[in-house]
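Residue-level listing of the chains:
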Amino acid sequence: MLGFRTQMPWSSAQASAQEQLCEGTAAVVAARQGMETPLKEVAVAFEDLARGMDADGGELRLAPFGDTCALVSVLFSSLGMAFRFAEIEYVTKVNDLIGAGKSYRTLSDILDKDIENDSVKKQGSHSRNLRRVRLGLGLIKALFEQFLTTEGCSLYDAATTAYGQVCAPFHSWAIRKAVGAGMYTLPSREQLIVRLNETDCSVQKEMRRYIDASSPIIEYIDKLFLSRNISLDW
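Residues numbered from 1 in each chain as written. Predicted model: local features only at pLDDT ≥ 70, side-chain atom pairs only at ≥ 80, totals over all residues. Heavy atoms only, no water.

Going by an unreviewed UniProt entry, the protein carries the name Glycolipid transfer protein domain-containing protein and comes from Urochloa decumbens. UniProt, in the comment section headed Sequence similarities (unreviewed entry), describes the protein in these words: "Belongs to the GLTP family." (UniProt positions renumbered as here; feature names shortened; annotations may be inferred.)

Put into structure tokens, the structure is as follows:
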């Protein structure tokens with residue numbers, strides 16, 4: 001369905017998550033139908049996004065940002081049911097930003113508008129959704145960093161550590177417990193490599209590529225909030 005040479009099984013829960021995509025995100029998903037190596041394609045998209053930001057004088061345009069972030073959903077999908085909660089929330093938030101891209105030019109624009117309306121942290125605001133999408137990008141980045149830290153590191157260990165660093169501080173005890181239980185359903189290291197259609201060697205290269213490509217985008221978003229005296233502890 002996503003263009004993998006190795007067939008990936010899709011559950012009814014995954015189908016349900018797909019149905020939640022808005023027209024804008026669905027178009028992006030359709031565009032990735034021919035992705036044979038999704039990890040590489042996502043990394044390339046972030047490299048292009050960073051170059052576009054440089055070309056725009058350091059401003060990050062909302063429309064290409066939303067389209068690029070939508071592609072990351074395939075990485076969440078590759079992790080199976082353990083990260084289904086993150087995938088569904090992430091896709092919903094990206095949905096909102098893609099829609100906002102029709103009215104706002106840059107990430108700065110949506111944040112400034114929400115500051116004006118005193119709605120930055122309100123449920124459903126573009127700024128709040130931007131913050132959640134940034135956490136999603138950071139979760140994948142942290143997972144890859146852990147995955148590459150030690151040769152033979154299990155996906156369970158990598159994902160548990162990454163979740164604890166990035167998302168757990170903002171989740172209730174009940175959610176943390178549910179996530180902890182779900183971690184036992186993660187695919188093995190070898191299964192993940194197959195799902196991403198990589199080899200043990202190439203997956204390391206492409207994970208590092210994603211880490212390097214996404215880092216300036218994540219840092220930009222953090223600075224966007226901090227420059228307006230908005231803390232990141234939410």
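**Q** Honestly, the packing of aromatic side chains in this entry has me stumped. Any pointers?
**A** Geometrically, a pair of aromatic rings is defined through the distance of the ring centres and the angle of the planes. In the structure shown here, the tally under the stated rule is five aromatic pairs. Ring centres of Phe76 and Tyr90 lie 5.1 Å apart, and the angle between their planes is 45 degrees; this geometry places the pair in the tilted category. Residue Phe76 is found in helix 5 (residues 73-78), and its partner Tyr90 is found in helix 6 (residues 84-100); the two are separated by 14 residues along the sequence. Per residue, the accessibility class of Phe76 equals that of Tyr90, and both read buried. Between Phe144 and Tyr210, the ring centres sit 5.5 Å apart and the planes meet at 80 degrees, which makes this aromatic pair edge-to-face. Residue Phe144 is located in helix 8 (residues 126-149), and its partner Tyr210 is located in helix 12 (residues 200-226); the two are separated by 66 residues in the primary sequence. (Phe/Tyr/Trp six-rings, centres within 6.5 Å; stacked < 30°, edge-to-face > 60°. Helix = DSSP H or I, 4+ residues; strand = E, 2+ residues; numbered from the N terminus. Buried < 20%, exposed > 50% of the residue type's maximum accessible area, 1.4 Å probe, protein only.)

**Q** What is the right way to read the layout of surface pockets from this model?
**A** Empty pockets left among the atoms are what a rolling probe the size of a water molecule brings to light. By volume, the largest pocket is sized at about 250 Å³. Along its surface, the largest pocket is lined by 15 residues, and Glu89, Arg132, Leu135, Cys167 and His171 are the ones closest to its centre. Elements with a contribution of two residues or more to the lining of the largest pocket: helix 6 and helix 8. Looking at the lining of the largest pocket, the element that brings in the most residues is helix 6, giving five residues. (1 Å grid on protein atoms, 1.4 Å probe; cavity = no way out; pocket = protein on both sides within 12 Å on 5 of 7 lines; lining within 4 Å. Points joined across faces, edges and corners; volume = space filled by probe spheres on them.)

**Q** Which parts of the structure should I look at to understand the pattern of salt bridges?
**A** Any two side chains of opposite charge can pair if their charged atoms end up close together. On inspection of all chains with the given rule, the structure shows eleven salt bridges. Put simply, Asp222 and Arg131 hold a salt bridge, and the shortest N to O gap is 3.8 Å. One end of the pair, Asp222, is in helix 12; the other, Arg131, is in helix 8, and 91 residues separate them in sequence. Here Asp222 and Arg131 have matching classes, each one buried. Linking Glu145 and Lys141 is a salt bridge whose minimum nitrogen-to-oxygen distance equals 2.8 Å. Here Glu145 and its partner Lys141 are both found in helix 8, four residues apart, which amounts to about one turn of the helix. We classify Glu145 as partly exposed; its relative accessible area is 30%. One connected set of salt bridges, linked through shared partners, spans Glu47, Glu206 and Arg209. (Salt bridge = Lys/Arg side-chain N within 4 Å of Asp/Glu carboxyl O.)

**Q** Please explain the packing of helix 7 (residues 107-116) against helix 8 as it appears in this structure.
**A** Any two packed helices are characterised by the angle at which their axes cross and by the distance between the axes. Interaxial distance between helix 7 and helix 8 falls to 8 Å at its minimum, and their mutual angle equals 130 degrees. Between helix 7 and helix 8, the angle falls in the class oblique. Residues Leu107, Ile110, Leu111 and Asp114 of helix 7 touch helix 8, and the partners they reach there are His126, Ser127 and Leu130. Its residues assigned to classes, the contact of helix 7 with helix 8 comprises four nonpolar, two polar and one charged. (Axes fitted to C-alpha atoms, helices over the stretch in contact; angles between N-to-C directions. Parallel < 35°, antiparallel > 145°, perpendicular 65-115°, else oblique. Contact = heavy atoms within 4.5 Å. Nonpolar A, V, L, I, M, F, W, Y, C, P; charged D, E, K, R; others polar.)

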